[in-house]
Amino acid sequence: MSTMLDQVEETPTPSAAEEVSGRLFLQTLATAELLNAYLGVELGFYRSLSKDGPATAAVLAERSGADLRYTQEWLAQQAVAGLLTVSEEAVFSLCDGVHETLVDETSPFYAGGMAYIAPAMGRALPSLVAAFRSGDGVPLTSYGADAVTAQGALNRPAYENSLIDEWLPQVPEVQARLADSTRPARVADLGAGVGWASIRLAEAFPHISVDGYDLDEESIARGRRYVADRGVAGRVDLEVADITRPLPRDGYDVAFFFECLHDLPHPVAALEAARRSLAPGGSVIVMEENVAENFTAPGDEVERFMAAAGTLWCIPQGRTETGSEVVGPLEIRPARMQRLSETAGFTSLEIVPIEHPFWRFYRLQG
Ligand SMILES: C[S@@+](CC[C@H](N)C(=O)[O-])C[C@H]1O[C@@H](n2cnc3c(N)ncnc32)[C@H](O)[C@@H]1O
């Protein structure tokens, strides 16, 4: 007679292939659910359920200008996925936490940018396959407008909530220089994207002026609209420029590279241009990926994310120029940063004591 214990012991352990297959199924599920979240952000469904309140499918479709049948299906999917609740009267409401993660773009928990990564990568996939064969790069424009949305939205919560109150106090000299009203500081935001860091810096330090440079025209165009909306147009100037070449202006007290050095085809040239653009006593602050000190395989989730983003996003975008020396997010480790900094002529590099799961901060001087 078999006991319950025997039955448990008889359960076959999953084979390695079953485990990998199960993992891939969960990743397929996660991708499909994330793409449904993209629909909810893009079509304004989450925003409407938050701003105008719970709704039936007919009401939400009417409010959002969407087709009823598709809206019904999306609402059912969201309820099954656990992001919405549904009442007996078929009225749908946001679950706790969804407003902060998928509606409020300034919330520290906003994750809507993540929903835009996969669609942007998907658009570039044919070019990526060709690039893997040819060795060419794939420019940001091949990833479409969703790529600009993703990049802007991913880091914005940190700039809105942490840059001024949590990070800059860890570099007191830089913070004091920015706050000095007697000698208004000049700041460069290199690889500024859509400019959220520039905007936040200008808001927090009312005497400074910020020049934000980025190669991508769409990012600069959107950024200029955000700058105007936030009322800092007189002190934030966003401009299309290649930061691997001598910068259009100089005399900067602080030059920031916010998560862009690893993307650049010529990181040393960019650091050198930044160094030459500094005013006496100025510093360069680099925010880069918080990857392990050495290559680790298999890696933790941060390492895995950086490795996956590297193949699909950063390396191809950084290989758009001949002779590219793009580093990528997986290899921008402290020892590599030290070498880049020394080669670019800096005499000192220190790691700033800011604890963050994704980022490590460096201060370069000299
Ligand atoms: C990962 S994004 C970071 C954007 C922004 N700093 C942020 O944190 O949201 C990297 C940025 O570097 C810009 N970039 C890449 N190569 C560049 C170059 N040679 N000159 C100027 N910007 C460049 C890209 O267009 C992109 O906006």
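Residues numbered from 1 in each chain as written. Predicted model: local features only at pLDDT ≥ 70, side-chain atom pairs only at ≥ 80, totals over all residues. Heavy atoms only, no water.

## Here's the deal with the site of the ligand
- The ligand sits among 19 residues. The nearest are N155, Y159, G191, D214 and F258.
- In this structure, an oxygen atom belonging to the ligand sits 2.9 Å away from a side-chain N or O atom of N155.
- A distance of 2.7 Å separates a nitrogen atom of the ligand from a polar atom in the backbone of G191.
- Contact with the protein chains hides 91% of the accessible area of the ligand, taken as 590 Å² for the molecule alone.
- No other element matches helix α8 (residues 145–161), which puts three residues into the shell around the ligand.
- In the shell around the ligand, the residues fall into nine nonpolar, five polar and five charged. (Near = heavy atom within 4 Å. Polar contact = N/O pair within 3.5 Å; in protein donor to acceptor, adjacent residues only side chain to side chain. Areas by Shrake-Rupley, 256 points an atom, 1.4 Å probe, with all protein chains shown as cover. Helix = DSSP H or I, 4+ residues; strand = E, 2+ residues; numbered from the N terminus. Nonpolar A, V, L, I, M, F, W, Y, C, P; charged D, E, K, R; others polar.)

## Here we look at the pattern of salt bridges
- Applying the stated criterion to the full structure yields 21 salt bridges.
- As a salt-bridge pair, R363 and E173 come within 3.2 Å of each other at their nearest N and O atoms. Here R363 is found in strand β9 (residues 359–365), whereas its partner E173 is found in helix α10 (residues 172–179), with 190 residues between them in sequence.
- In this structure E173 comes out as exposed when scored by relative accessible area, which is 55%.
- Ionic pairing is found between E203 and R230, a salt bridge with its closest N-O pair at 2.6 Å. Note that E203 is positioned in helix α11 (residues 196–204) and R230 in the loop between α12 (217–229) and β5 (236–240), a separation of 27 residues in sequence.
- R230 sits in the partly exposed class, given a relative accessible area of 25%.
- By sharing partners, the salt bridges in this structure join R47, E105, R156, E160, R200, E203 and R230 into a single network. (Salt bridge = Lys/Arg side-chain N within 4 Å of Asp/Glu carboxyl O. Buried < 20%, exposed > 50% of the residue type's maximum accessible area, 1.4 Å probe, protein only.)

## Focus: the side chain of R222
- Considering the arrangement of structural elements, one finds R222 in helix α12.
- A relative accessible area of 11% places R222 in the buried class.
- Setting aside anything within four residues of it in sequence, one finds R222 in contact with A145, V148, T149 and V194. (Contact = heavy atoms within 4.5 Å.)

## Here's the deal with the UniProt feature "domain: Methyltransferase type" (unreviewed entry) in the protein
- Sites flagged by UniProt as "domain: Methyltransferase type" (unreviewed entry) map to residues 189–283.
- What you have in residues 189–283 is 34% helix and 27% strand, and the ends, taken at the C-alpha atoms, are 12 Å apart. (UniProt positions renumbered as here; feature names shortened; annotations may be inferred.)

## Quick notes on the sheet that holds strand β3 (residues 186–190)
- The strand order across the open sheet built from seven strands is β5-β4-β3-β6-β7-β9-β8, with neighbouring strands paired in mixed fashion. Looking at which strands have only one partner, the edges of the open sheet turn out to be β5 and β8 (348–352). Going from strand to strand, the sheet's axes swing by 20° on average, the running direction of each strand aside.
- One ladder, built from five bridges, connects β8 with β9; its direction is antiparallel. Looking at β9, one finds that S348 is bridged to Q365.
- Strands β4 (209–214) and β5 of the sheet are contacted by α12, whose axis makes an angle of about 165° with β5. (Pairing = 2+ DSSP bridges. Axes fitted to C-alpha atoms, helices over the stretch in contact; angles between N-to-C directions.)

## Description of the side chain of D214
- Relative to the helices and strands, D214 resides in strand β4.
- Buried within the structure, D214 lacks any salt-bridge partner; R224 is the closest side chain of opposite charge, at an N-O distance of 11 Å.
- For D214, the side chain forms a polar contact with the main-chain nitrogen of D216, separated by 2.8 Å.
- Setting aside residues up to four positions removed in sequence, D214 forms contacts with G191, A192, G193, I220, E239, V240 and A241. (Lys, Arg positive; Asp, Glu negative; His and termini not counted.)

## Things to note about the domain arrangement of the protein
- Taken domain by domain, the protein comprises domain 1 (14–102) and domain 2 (112–365).
- Taking only C-alpha atoms, the centre of domain 1 and the centre of domain 2 are 32 Å apart.
- Contact with domain 1, which involves 10 residues of that partner, is made by eight residues of domain 2.
- Summed over the shared surface of domain 1 and domain 2, the result is three residue pairs in polar contact (both at pLDDT 80 or more).
- Elements represented by at least two residues in the side of domain 1 that touches domain 2 include exactly α2 (16–42) and α6 (98–102). (Domains from an automatic or database assignment.)

## Description of the packing of aromatic side chains
- Taken as a whole and assessed by the stated rule, the structure comprises nine aromatic pairs.
- Between W167 and W359, the aromatic rings sit 5.8 Å apart at their centres with planes inclined by 85°, giving edge-to-face as the arrangement. Note that W167 is positioned in helix α9 (residues 163–167) and W359 in strand β9, a separation of 192 residues in sequence. Each member of the pair, W167 together with W359, is buried.
- Note on W167 and F361: the rings are 4.7 Å apart at their centroids and 55° apart in plane angle, and the pair reads as tilted. Of this pair, W167 sits in helix α9 while F361 sits in strand β9, and the two are 194 residues apart along the sequence. You'll find W167 and F361 in the same group, each marked buried. (Phe/Tyr/Trp six-rings, centres within 6.5 Å; stacked < 30°, edge-to-face > 60°.)

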